[in-house]
Amino acid sequence: MSPARRGTRRVLHAGPFGPVTRGARSLVLAAATLLGLAGQAAMAQDANLGRNLAATCANCHGTNGNARGDMKPLAGMPADKMLAMLADFRSGNQPATIMHQISKGYTEEQLKLVAAYFAAQKPAGK
Amino acid sequence: MNHEAHNLPATSGLTRRRVLGVGVAASTIGLASCASLGGAPIGRVVVVGGGYGGATAARYLRMWGGNVDVTLIERNDAFVSCPISNLVLGGYKQIGDVTRGYDGLKALGVKVVKAEVTAVDVAAKKVRTAAGEFAYDRLVLSPGVDFMTEGVAGLQAALDSGRVLHSWKAGPQTVALRRQLEAMPDGGVFAMCIPLAPYRCPPGPYERACMVASYLKAAKPRSKVIVLDANPDITSKAGLFRKAWADHYAGIIEYKANAVLREVSGTTARLEFEDVKADVLNVIPAQRAGDIARSAGIVNANNRWVGVNWLTMESTAAPGVHALGDATLSAPAMPKSGHMANQHGKVAAAAIIAQLRGEPVNSTPVVMNTCYSFVTARDVVHVASVHQYDAKDATFKTVPGSGGLSAAANQIEGRYALSWADNIWGDALAV
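Reading the values: the criteria
- Residues numbered from 1 in each chain as written.
- Chains lettered and ligands numbered in written order.
- Predicted model: local features only at pLDDT ≥ 70, side-chain atom pairs only at ≥ 80, totals over all residues.
- Helix = DSSP H or I, 4+ residues; strand = E, 2+ residues; numbered from the N terminus.
- Contact = placed C-beta atoms within 7 Å.
- Nonpolar A, V, L, I, M, F, W, Y, C, P; charged D, E, K, R; others polar.
- Core = buried A, V, L, I, M, F, W, Y, C linked by C-beta atoms within 7 Å.
- Buried ≥ 20, exposed ≤ 12 C-beta atoms within 10 Å, placed from the backbone.
- Domains from an automatic or database assignment.
- Axes fitted to C-alpha atoms, helices over the stretch in contact; angles between N-to-C directions.
- Parallel < 35°, antiparallel > 145°, perpendicular 65-115°, else oblique.
- Left-handed = near helix turned anticlockwise from the far one by under 90°.
- Pairing = 2+ DSSP bridges.
- Expected span 1.5 Å × (residues − 1).
- pLDDT = per-residue confidence, 0-100.

**Digging into the overall build of chain A**
Scanning chain A from N- to C-terminus turns up seven helices and two strands. The order of α-helices and β-strands along chain A, N terminus first, is α-β-β-α-α-α-α-α-α. Taking contacts inside chain A between residues at least 6 apart in sequence as the whole, the part at least 24 apart equals 61%.

Below, the structure written as structure tokens:
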């Protein structure tokens, strides 16, 4: 699935932090805004923000989302699916051992960047 | 302090010239791994210490930076994990189960050097070892902790003799403590001394009490575990550990708060008003940044820890020298843990690559922590936290309403804890 295709996804879930929607498209818009405001340097920084945020998940979910053992693999997961899951963790609709606590530590924008990053990863060995 | 200020050195003409010069020098040494990526390396990074922090930094510098010339200097043959090593004491794992090699990093083009760093010359940007000198553009020190035995009479001699073990660096000390437990008679006393916080792995001592008690309950049920804690209460997951001790180890584990160790004599722990005679005495000494940080001149917080700029993990005493993990002066509510050191390593890797390229560093980093503790061979409890960078106070702060503890010990998290280990070892070491 191409990034452009993902960017056209529609509202899937009304999470506690608002509708889960526009994932990758808002990233593009945000990046474009930054480009306009602060030039190329800001664009370069923004390009790595999703990567950096997603790396905070790797301790449990594997490098670039290629998880081992009982952890859920995230590499290649569609962004809308991940955002819906995260919204359910945050709202309590989806019981969890730990993700209800961790997901509340990130902003909505950060979760969108994380979801877009993992969606773009090719699962290892596939 | 803002990130622009820290970015200045990397964007100066001087630095650029030096980086170019380095590229030429490095190519003469013959970097097959870099050559395959094309072009001269954008810079040389030396990482000292191949634990959770340093290994992760080395891995991510190669993965994210591409043609960064990375040398990892580590004195041990292999990585031995402190997390999960308490299960070796319980007899549920072998030391080999928590040991991993550095071949994965080598395959990614990290030059792994087995050597002890004897000196760091920050002015000359060189690291000295018995295996030669290593010049760098940016240095990463991930030295872990060393012990402060001063103030406890007889402790250093007891540790040197091997009769009293700390087992707070996993490896031979872990195996030796397991042997002492195996040799202990039924009806014997295992006593463990915990230092005042901050120390490496806040819940670790209490997990250790559980693992030792679990072994003794099954193998030597008349034995006792006495926990002598210098702190006023259990440092981490207090309610969960108290419940586990009541549910599983009543009559075995005895806990004493405010129990400050004054002297070690044989295997007797002398407190202010009491002597505790043990068959096996395990003293976790107070800790400070690893000695190599001191010799590099970057221990500038309470004469004990390394103050860092959290945007780059650079030492506040020496720009260009990054420090990771347990050795750092922790941000508020930030634990000294392997998980956190791994997160530090990624912040540092991203920042170093940006600095070498003359780009701005990430101004909004996030780190998070999860610590799983085994309370029985299968039941586990966790504590988790998420830390966002606060620009106003230039530090990481936990996010209100996020993070927390297990509702209760459970076996699902027992499986997750082992999977966590598998994933983080793979993440740090590419194995």
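**A few points about the interface of chain A and chain B**
Taken together, the contact pairs 28 residues of chain A with 34 residues of chain B. When contributions to the side of chain A that touches chain B are tallied by element, the ones reaching two or more residues are α3 (40-55), α4 (58-61) and α6 (99-102) of chain A. Broken down by element, the side of chain A that touches chain B gets its largest block of residues, eight residues, from α3 of chain A. Per-class residue counts for the side of chain A that touches chain B are 12 nonpolar, 13 polar and three charged.

**Notes on the nonpolar core**
Residues and elements named next belong to chain B. Counting 167 residues, the largest nonpolar core has Leu61, Val212, Val225, Leu228, Ala293 and Ala323 as its most contacted members. No other element matches helix α12 (residues 338-357), which puts 11 residues into this core. Looking at which domains feed residues into this core, each of domain 1 (3-144 + 290-362 + 415-429) and domain 2 (149-286) gives three or more. Discounting chain neighbours no more than four positions away, the residues touching Leu228 are Ala191, Met192, Cys193, Ile194, Lys256, Ala259, Leu261, Ala269, Leu271 and Val276.

**Focus on the packing of helix α5 (residues 79-91) of chain A against helix α7 (residues 108-119) of chain A**
All names here are of chain A. Relative orientation of the contacting elements α5 and α7 amounts to 140 degrees, with a least axis distance of 8 Å. As the angle between them shows, α5 and α7 are arranged oblique. In this structure, the crossing between α5 and α7 has a hand that is right-handed. Each of Ala79, Met82, Leu83 and Leu86 in α5 lies in contact with α7, whose residues at this interface are Leu111, Lys112, Ala115, Ala116, Phe118 and Ala119. For the contact of α5 with α7, a count of residues per class yields nine nonpolar, no polar and one charged.

**Observations regarding the pairing of strand β8 (residues 132-135) of chain B**
One face of the sheet, then the other: side chains in a regular strand alternate in exactly this way. Residues and elements named next belong to chain B. Where strand β7 (residues 126-129) lies against β8, four bridges are found, and the strand directions are antiparallel. Within β8, the residue paired with Arg128 across the bridge is Glu133. With antiparallel pairing between neighbouring strands as the criterion, β7 and β8 make up a hairpin whose turn holds two residues.

**Things to note about the environment of Trp64 of chain B**
All names here are of chain B. Among the structural elements, Trp64 can be located in helix α4 (residues 52-65). When the 18 C-beta atoms within 10 Å are taken as the criterion, Trp64 is described as partly exposed. Through-space distance from the C-alpha of Trp64 to that of Gly338 is 21 Å; in sequence the pair is 274 residues apart. Other than its neighbours up to four places away in sequence, Trp64 contacts Ala349, Ala350 and Ile353.

**Side note on the domain arrangement of chain B**
All names here are of chain B. Domain boundaries assigned for chain B yield domain 1 (3-144 + 290-362 + 415-429) and domain 2 (149-286). One C-alpha centre belongs to domain 1, the other to domain 2, and the line joining them spans 32 Å. Each partner contributes residues to the interface: domain 1 has 17 residues there, and domain 2 has 19 residues. Ranked by residue count, the leading element in the side of domain 1 that touches domain 2 is helix α5 (residues 86-90), at five residues.

**A short note on α5 of chain A**
Residues and elements named next belong to chain A. With 13 residues, α5 should reach 18 Å at 1.5 Å per residue; the first-to-last C-alpha distance of 18 Å fits that figure. Counting buried positions over the 13 residues of α5 gives 10, a clear majority of the element. Taken as a whole, α5 has its buried residues at Ala79, Asp80, Met82, Leu83, Met85, Leu86, Ala87, Asp88, Phe89 and Arg90.

**Focus on the packing of α4 of chain B against helix α13 (residues 411-429) of chain B**
Residue and element names in this part refer to chain B. At their nearest, the axes of α4 and α13 sit 7 Å apart, and the two run at 55 degrees to each other. Put simply, α4 runs oblique to α13. Residues Tyr52, Ala55, Thr56 and Arg59 of α4 pack against Asp427, Ala428 and Leu429 of α13. Split by residue class, the contact of α4 with α13 holds four nonpolar, one polar and two charged.

**Things to note about the confidence of the model for chain A**
Across chain A, the average pLDDT comes to 77, with 63% of residues at 70 or higher. Residue range residues 1-45 of chain A is modelled with pLDDT below 50. Its contacts to residues more than four positions away, or to other chains, number 65 contacts.

**Points about the confidence of the model for chain B**
Residues and elements named next belong to chain B. Of the residues in chain B, 91% reach a pLDDT of 70 or more, and the chain-wide mean stands at 92. Per-residue pLDDT stays below 50 along residues 1-36; that stretch engages in 47 contacts with residues further than four places along the chain or on separate chains. Our summary of model confidence lists the complex with pTM equal to 0.86 and ipTM equal to 0.90.

**Quick notes on unusual backbone geometry**
All names here are of chain B. Residue Ala197 is joined to Pro198 through a cis peptide bond whose omega torsion reads 5 degrees. Phi is positive for Met313, close to 65 degrees, though the residue is something other than glycine. Not every positive phi belongs to a glycine, and Ala394 is a case in point at roughly 55 degrees. Judged by the 14 C-beta atoms lying within 10 Å of it, Ala394 falls in the partly exposed class.

**As for the sheet that holds strand β12 (residues 224-229) of chain B**
Residue and element names in this part refer to chain B. The strand order β13-β12-β11-β17 describes an open sheet built from four strands, whose pairing is parallel. The open sheet has two free edges, formed respectively by β13 (253-256) and β17 (280-283), since each of these has just one partner strand. Mean inter-strand twist for the sheet, computed between neighbouring axes without regard to direction, equals 15 degrees. Sheet analysis places β12 next to β13, joined by four bridges and oriented parallel. Opposite Val225, over in β13, you have Ile253 as the bridge partner.

**Looking at the pairing of strand β6 (residues 117-121) of chain B**
For β6 of chain B and β7 of chain B, the ladder comprises four bridges, and the chain directions are antiparallel. Note on β7 of chain B: the bridge partner recorded for Ala119 of chain B is Arg128 of chain B.

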